[in-house]
Amino acid sequence: MSDAIPVHGTCDPRFTKVRQLFQNSFDSGAEIGAAVCFMLDGRCVVDLWGGYYDLAHEREWERETLVNVYSTTKGMAALCANQLIERGLLELEAPVARYWPEFAAAGKEKITLRWLLSHKAGLCAVRTPLPKNSLYDWDRMCTALAAQQPWWAPGEGHGYHAFTFGFLVGEVVRRVSGESLGTFFRKNIAQPLGADFHIGLTAENDSRTSDVYSVHIGNKPAPTKPGNPALATTAQFAEFARNMQDPSTMQYAALLNPPQDRNAVNTRAWRAAEIPAVNGHGTARALARIYGALARGGEIDGVRILEPRTIARATAEEASGPERLFCGAVPMRFGLGFVLSDETHRYSRLSPNPRAFGHAGGGGSLGMADPDARIGFGFTMNNLQASIVSAGATPTLLIDAFYEALATADAV
């Protein structure tokens, strides 16, 4: 009897190598449970899931298994804001304070929505120490951000707003639409598309939600990648590591204020809250469907979520080059909330095609749209690997194999 970890689902014969690599990711110990989905011009050609919910391998990952995807959530938050821009309810060059008057405090009266969406607002962190679990308190977080002085001159360079992005963008969405970002997303994106993705997860979904882990299985380390900030020895990362020990720094405040318990992500409180930068829960199929629509000019199966001109505007480069939170150690290109593919670094290259965009999540999840090839992609998993906002090792291998197979088929 084979002891191979089970993989289920469907896969077009052209992409057999994708299935093989997906299987290998479990057999090697890189993944515990995971799912991958590719949409090609609106048609699902790869829809696979496998592995387990748990370290004991007692419960198999299922077709409808949900999991937290960390910063992959930011792409969904960006989509909400860009819908409101398209409807004329938000203006890119308008000061954020037009929609959120309290935001004008501490020298922020000229910060525009464009800077907010492109990580150029200088608000990566709250300097004032916040009580534990404040991430679950929307009003507390937004009040603190409204009072916060920018860490650098807004508009002059960018720094990754790891946690604060969701509160900043979400509060603007709430002020304009009258609904929380999670509610707006559900009504205007998830439900129309039939996409199983949630920002604020109800308790009834807990039974199909996997915990997340950060482990090496069978003494086989999860694959790493050259240049990854979690392993780098560069001067930039050394500076970042030093700053993470100093509570007065932006780096410490951005990632450790407010404090959280080690396994907070697996609690009901985390799942129930709306933290639109980091606590979306979904399936790979949902990500592939949403990005599959964006890859086709904003429409799939008769449902339109954005117009082509809005997508083009949202994916034009707004920020690139050395960023401030990770002290220049992480390559990043941003549009209006979306990460843009970067040819200069393998794990920042989302696709062989330069117009690809999306967002990765800490640990290795990824959602991606390639408008040139009309591809939507989603990858979710429960074993956190060394990844921040670049694609993880497993999805990078799967994407490369998919495009290789596609090119071979097209050449025949």
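For the structure itself, consult the block above.
Just so it is clear, the model here is predicted, and its values are computed rather than measured.

Participant: I keep staring at the overall build of the protein and nothing clicks. Help me out?
Facilitator: A tally of helices and strands in the protein yields 12 helices and 12 strands. For 412 residues, the compact-globule estimate of 2.2 N^0.38 gives 22 Å, and the protein sits close to it at 20 Å. When the backbone C-alpha atoms are referred to their principal axes, the protein occupies close to 65 × 45 × 45 Å. Residue burial in the protein is summarised as follows: out of 412 residues, 59% are buried. Contacts in the protein between residues far apart in sequence, at least 24 positions, make up 69% of those at least 6 positions apart. As presented, the protein carries roughly 15,600 Å² of accessible surface, and 51% of it is formed by carbon and sulfur atoms. Charged side chains in the protein number 39 positive and 42 negative. The centres of these two groups are separated by 3 Å.

Participant: How do you make sense of the packing of aromatic side chains when you look at a structure like this?
Facilitator: Geometrically, a pair of aromatic rings is defined through the distance of the ring centres and the angle of the planes. Per the stated rule, a full pass over the model turns up 15 aromatic pairs. Between Phe38 and Phe402, the ring centres sit 3.9 Å apart and the planes meet at 5°, which makes this aromatic pair stacked. Of the two residues, Phe38 is situated in strand 2 (residues 33-40) and Phe402 in helix 12 (residues 393-411); the sequence distance between them amounts to 364 residues. Here Phe38 matches Phe402 in class, with each residue buried. On the numbers, 6.2 Å between centres and 10° between planes, the contact of Tyr160 with Phe334 is stacked. Residue Tyr160 is located in the loop between helix 4 (138-147) and helix 5 (164-177), and its partner Phe334 is located in the loop between helix 11 (308-314) and strand 9 (339-340); the two are separated by 174 residues in the primary sequence. Of the two residues examined, Tyr160 and Phe334, each falls in the buried class. Aromatic rings pair up to connect Phe15, Phe38, Phe377, Phe402 and Tyr403 into one cluster. The residue whose ring lies beneath Lys108 is Phe103, and the NZ or CZ to ring-centre distance is 5.1 Å.

Participant: Could you clarify how one ought to interpret the packing of helix 2 (residues 73-86) against helix 10 (residues 284-295) in this entry?
Facilitator: The packing of two helices is summarised by the inter-axis angle and the distance between the axes. Close contact between helix 2 and helix 10 brings their axes to 12 Å; oriented N to C, the two are set at 40°. When the axes of helix 2 and helix 10 are compared, the pair comes out oblique. Handedness of the helix 2/helix 10 crossing: left-handed. Here helix 2 contributes Gly75, Met76 and Leu79 to the contact with helix 10, which in turn contributes Leu287, Ile290, Tyr291 and Leu294. The residue makeup of the contact of helix 2 with helix 10, split by class, is six nonpolar, one polar and no charged.

Participant: Help me understand helix 4 in this model?
Facilitator: An α-helix turns once every 3.6 residues. As a result, residues three or four positions apart point the same way. By the burial criterion, the buried members of helix 4 are Trp138, Met141, Cys142, Ala144, Leu145 and Ala146. Residues of helix 4 that are buried sit in contact with helix 5.

Participant: Even after reading the chapter, I still don't get the sheet that holds strand 4 (residues 67-68), so can you show me in this structure?
Facilitator: Backbone hydrogen bonds hold the strands of a sheet together, and the pairing may be parallel or antiparallel. Reading across the sheet, the three strands line up as 4-6-5 and stay open at both edges, with antiparallel pairing between neighbours. Because the sheet does not close on itself, it has two edges, and the strands there are strand 4 and strand 5 (197-199). Bridge analysis of strand 4 against strand 6 (residues 280-282) gives two bridges, and the strand direction is antiparallel. Residue pairing across strands places Asn68 opposite His281, the latter belonging to strand 6.

Participant: Which parts of the structure should I look at to understand the pattern of salt bridges?
Facilitator: It is possible for side chains of opposite charge to pair when their charged atoms get near one another. Applying the stated rule across the entire model yields 27 salt bridges. Here Lys132 and Asp261 are joined by a salt bridge, their closest N and O atoms 2.5 Å apart. You can see Lys132 sitting in the loop between helix 3 (113-117) and helix 4 and its partner Asp261 sitting in the loop between helix 8 (250-256) and helix 9 (268-272), a full 129 residues away along the chain. A relative accessible area of 46% means that Lys132 is categorised as partly exposed. Judged by relative accessible area, which is 42%, Asp261 ranks as partly exposed. The partner of Arg355 in a salt bridge is Asp372, with the nearest N and O atoms 2.8 Å apart.

How each quantity is defined
- Residues numbered from 1 in each chain as written.
- Predicted model: local features only at pLDDT ≥ 70, side-chain atom pairs only at ≥ 80, totals over all residues.
- Heavy atoms only, no water.
- Helix = DSSP H or I, 4+ residues; strand = E, 2+ residues; numbered from the N terminus.
- Rg over C-alpha atoms; globule rule 2.2 N^0.38 Å.
- Buried < 20%, exposed > 50% of the residue type's maximum accessible area, 1.4 Å probe, protein only.
- Contact = heavy atoms within 4.5 Å.
- Areas by Shrake-Rupley, 256 points an atom, 1.4 Å probe, with all protein chains shown as cover.
- Lys, Arg positive; Asp, Glu negative; His and termini not counted.
- Charge placed at Lys NZ, Arg CZ, Asp CG, Glu CD.
- Phe/Tyr/Trp six-rings, centres within 6.5 Å; stacked < 30°, edge-to-face > 60°.
- Lys NZ or Arg CZ within 6 Å of the ring centre and 35° of its normal.
- Axes fitted to C-alpha atoms, helices over the stretch in contact; angles between N-to-C directions.
- Parallel < 35°, antiparallel > 145°, perpendicular 65-115°, else oblique.
- Left-handed = near helix turned anticlockwise from the far one by under 90°.
- Nonpolar A, V, L, I, M, F, W, Y, C, P; charged D, E, K, R; others polar.
- Pairing = 2+ DSSP bridges.
- Salt bridge = Lys/Arg side-chain N within 4 Å of Asp/Glu carboxyl O.

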